[in-house]
Amino acid sequence: NNLALPPAGRVFAWGWGQHGQLGHGDAEDRFAPEPIAALAHLRVVAIGCGDRHSFAVAAPRGAVYAWGSNEFGQLGFGAPKTVATSPALLAPLAALHIVAISSGDKHTA
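Residues numbered from 1 in each chain as written. Predicted model: local features only at pLDDT ≥ 70, side-chain atom pairs only at ≥ 80, totals over all residues. Heavy atoms only, no water.

Further remarks concern the pattern of salt bridges. As enumerated under the stated definition, the model contains four salt bridges in all. A salt bridge links Arg52 to Glu71; the shortest N-O distance between them is 3.6 Å. Here Arg52 is found in the loop between strand S4 (43–49) and strand S5 (53–59), whereas its partner Glu71 is found in the loop between strand S6 (63–69) and strand S7 (83–89), with 19 residues between them in sequence. Classification of Arg52 by relative accessible area gives partly exposed; the value is 23%. Each of Asp26, Arg30 and Glu34 takes part in one network of salt bridges that share partners. (Salt bridge = Lys/Arg side-chain N within 4 Å of Asp/Glu carboxyl O. Helix = DSSP H or I, 4+ residues; strand = E, 2+ residues; numbered from the N terminus. Buried < 20%, exposed > 50% of the residue type's maximum accessible area, 1.4 Å probe, protein only.)

Below, the structure is given as structure tokens:
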């Protein structure tokens, strides 16, 4: 899966989507970049994607949005073995001002 963040703050996703990691509300593959509609109302300032999960950090307060596989708890929703096909606010981090995020194969930093 791939994410791109142009200067305007809109996030585009494409590639393998079997685990919802593209954020388009389904588990379909995309062969060309498409904007993630669920993030359209936000100004995203940072993105990260792992093997089967993705993240976005939105201004002005550094809110974190997560989607894709949570098989090992990598989304931070507290319920492993779930899938989120659309970006969802990561509530446990809502009081913090996150400035960057990074993802690996099955983890997030």
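On we go.
Let's shift gears to the sheet that holds S4. As summarised here, the arrangement of the four strands in space is S4-S5-S6-S7, forming an open sheet in which the pairing is antiparallel. One side of each edge strand has no neighbouring strand; the edge strands of this open sheet are S4 and S7. Each neighbouring strand pair of the sheet contributes to a mean axis angle of 15°, computed without reference to strand direction. Across six bridges, the pairing between S5 and S6 is antiparallel. Bridge pairing links Val57 to Val64 in S6. (Pairing = 2+ DSSP bridges. Axes fitted to C-alpha atoms, helices over the stretch in contact; angles between N-to-C directions.)

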